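# Per-entry structural report
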Amino acid sequence: MSNELTIEQFLAIGFEHAAFFDPAQLDFRQDVRDMCNADKCSHFGKNWACPPACGSVEQSVEKAKKYTHAIMIQTTARLEDSFDFETMMQAAKDHKERFNEAAKLARSFDPDCLPMGAGGCNICRKCTYPDEPCRFPDRAFTSMEAYGLYVAAECKKAGLEYNYGPNTLTYSSCILFN
Ligand code: SF4
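Residues numbered from 1 in each chain as written. Predicted model: local features only at pLDDT ≥ 70, side-chain atom pairs only at ≥ 80, totals over all residues. Heavy atoms only, no water.

## Re the overall build of the protein chain
Stated formally: Only DSSP runs of H or I reaching four residues or more are called helices, and only runs of E reaching two or more are called strands; each is numbered from the N terminus. We compute the radius of gyration from the C-alpha atoms alone; for a globule the expected value is 2.2 Å times N to the 0.38, where N is the number of residues. Working definition: with a 1.4 Å probe on protein chains only, accessible area under 20% of the residue-type maximum means buried, over 50% means exposed, and in between means partly exposed. Using the Shrake-Rupley algorithm and a 1.4 Å probe, accessible areas are obtained, with residue cover drawn only from the displayed protein chains. Neither His nor the chain ends contribute to the count of charged residues, in which Lys and Arg are positive and Asp and Glu negative. Here the site of a charge means atom NZ of a Lys, CZ of an Arg, CG of an Asp or CD of a Glu.
Looking only at helices and strands, one finds 6 helices and 4 strands in the protein chain. Beginning at the N terminus, the succession of helices and strands in the protein chain can be written as α-β-α-α-β-α-β-α-α-β. Taken over the C-alpha trace, the protein chain has a radius of gyration of 16 Å; the compact-globule value for 178 residues is 16 Å, and the two agree within 12%. With the C-alpha coordinates aligned to their principal axes, the bounding extent of the protein chain is approximately 45 × 40 × 30 Å. Split into buried and exposed, the 178 residues of the protein chain put 43% on the buried side. Taken as a whole, the protein chain presents about 9,800 Å² of accessible surface, with 53% of it coming from carbon and sulfur. Taken as two groups, the 19 positive and 25 negative side-chain charges of the protein chain have centres that lie 5 Å from each other.

Right, dumping it as structure tokens:
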């Protein structure tokens, strides 16, 4: 069933770049996960989709083992200059929306697929963690970094750039599936 998913379907969602890769290549690293502890994004220990609630690096490895296919999907925006915050914010919004569409598409082929996002989950104004269960478990995606993946290296393995040059901004996510 998974071979019915095509790069063209993902590009049609709006992504600038997409490439299939072998999920066995993914390298889940404790040192990457440990960067979350610095809590630069203010989600650590406050969100179901982030550490520690999203599970350990060992659990990431176990989850990923189940999958035979993966796709890397990227939104690349061209900035007027390095202060073009409007385009930066639009790119983040575009990538989130596209990623949700991509997850829907992948789930239509493999309902148990594993989407890994970019950034923490901010669907709810205030996350229910830790008092109540997640309100939207089907839409709350854990980021690649929180799984322990060094995104730049994983993009390279998929044959894609992480950075497409001066005055560009790229968001990368991936989906594992069978
Ligand atoms: S969907 Fe809401 S409750 Fe669930 S992780 Fe995201 S912010 Fe938290």
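What follows continues from the structure just given.
## Things to note about helix α3 (residues 57–65)
Cut-off, in case you're wondering: Taking the helix axis as origin, the arc is that swept by the directions to the C-beta atoms. Contact criterion: two residues are considered in contact whenever any of their non-hydrogen atoms come within 4.5 Å of each other.
Of the positions making up α3, those classed as buried are V57, S60 and A64. Down the axis of α3, the buried set is contained in an arc of 45 degrees. They therefore lie on one face. When the buried face of α3 is taken as reference, the exposed residues oriented beyond 90 degrees from it are E58 and K65. In this structure, the buried side of α3 is in contact with α2 (30–35), α5 (144–147) and β4 (168–177).

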